[in-house]
Amino acid sequence: MNEILIVANWKMNPSNSKDAWDLAEAVKQGVAGVQGAKVALCPPFVFIPQILPTKNVELGAQDCFWEDPPAGGAFTGEISPSMLKNLGCSYVILGHSERKKYLGETLEMVNQKVKAALAAGLIPVMCIGEKTEQEMRQALNDISPEQASKLVLVYEPEWAISTNKNAAAATPEDCGRAIELMQKIAKEMFGDIQIPILYGGSTNSKNIKGFIESGAHGALVGSASLDAREFIQLVKNAAMH
Ligand code: PGA
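J.: For this particular structure, what's the right way to read the pattern of salt bridges?
T.: One side chain can pair with another of opposite charge once the charged atoms of both are near each other. The full count for this structure, using the stated rule, is 17 salt bridges. Put simply, K38 and E58 hold a salt bridge, and the shortest N to O gap is 3.6 Å. In this pair, K38 is assigned in strand β2 (residues 37-42) and E58 in strand β3 (residues 57-61), connecting sequence segments 20 residues apart. Taking the relative accessible area as the measure of exposure, E58 reaches 18% and is therefore buried. For R177, the salt bridge goes to D174, with nearest N and O atoms at 3.3 Å. Placement of both R177 and D174 in helix α7 (residues 172-190) is noted, with a separation of three residues, approximately one turn of the helix. Classification of R177 as exposed rests on a relative accessible area of 55%. Assessed through its relative accessible area of 25%, D174 is described here as partly exposed. The network of salt bridges with shared partners includes D63, R99, E105 and K113.

Written out as structure tokens, the structure reads:
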């Protein structure tokens, strides 16, 4: 668990495939020689097919559906975990606070999605907000320790997301405390397994080191992942912690 993981959540950006291609290529080139940190780019679904993963830049999605019938199914507008896996994705972000806020996603839905993603061989990057214990217990209900050992968790306080009004990043101390609590709950639920825990919320190239030093195994990065130069610097600074 030594390698730092930086997950780029592009959210609903950019607006066209050329810009998506350019951003992905710039990141791939910029982090090609970086040791000690790897990147997962999570573009909108429509741009995933055009981005090929490299050794240290893997691919992920920002969501998936909880049903995954082998031959597909009648679920209008949804994308199955197997479709993502077949496109070369390794990761899928699940339970992001924006999906809970704007789309009414519940912890039960997140739980079903986590199970479907694991069954398809994807690594869920599961976001946990401030109701830590409730969120972890419900979203990870009925998950075995073996399955849990394949997860990545994120401490993602909603108030820290850069695009929210009056947002400010958590302090490294807040982050360290939240990670300790999440580790304690994970231990109660699954025993002695190691689950990487990232931090998400207004991270940038300047504050990333503090989060890594406070115990985070990486970050889920929104706004700063849309600026290639800033993002590459963030990855480099995280790797040099
Ligand atoms: P931000 O987004 O880096 O723009 O704050 C983080 C997140 O949505 O988790």
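J.: For this particular structure, what's the right way to read the nonpolar core?
T.: Nonpolar side chains in soluble globular proteins tend to end up buried together. Ranked by internal contacts, the top residues of the largest apolar core, which has 66 residues, are I6, L41, V114, L153 and F231. With residues up to four places along the chain from it excluded, the contact list for I6 reads K38, V39, A40, I208, G218, A219, V221, F231, L234, V235 and A238. Judged by nonpolar contacts, the second largest core, of twelve residues, contains V7, Y91, C127 and L198.

J.: Would you mind going over the environment of L84 with me for this structure?
T.: The topology assignment puts L84 in helix α2 (residues 81-86). Among the residues examined, L84 registers a relative accessible area of 1% and is labelled buried. Setting aside its immediate chain neighbours within four residues, L84 contacts F45, I48, A61, D63, C64, I79, C89, V92 and L122.

Each value, and the rule that gives it
Residues numbered from 1 in each chain as written. Predicted model: local features only at pLDDT ≥ 70, side-chain atom pairs only at ≥ 80, totals over all residues. Heavy atoms only, no water. Salt bridge = Lys/Arg side-chain N within 4 Å of Asp/Glu carboxyl O. Helix = DSSP H or I, 4+ residues; strand = E, 2+ residues; numbered from the N terminus. Buried < 20%, exposed > 50% of the residue type's maximum accessible area, 1.4 Å probe, protein only. Core = buried A, V, L, I, M, F, W, Y, C linked by side-chain atoms within 4.5 Å. Contact = heavy atoms within 4.5 Å.

Structural measurements only, silent on function.
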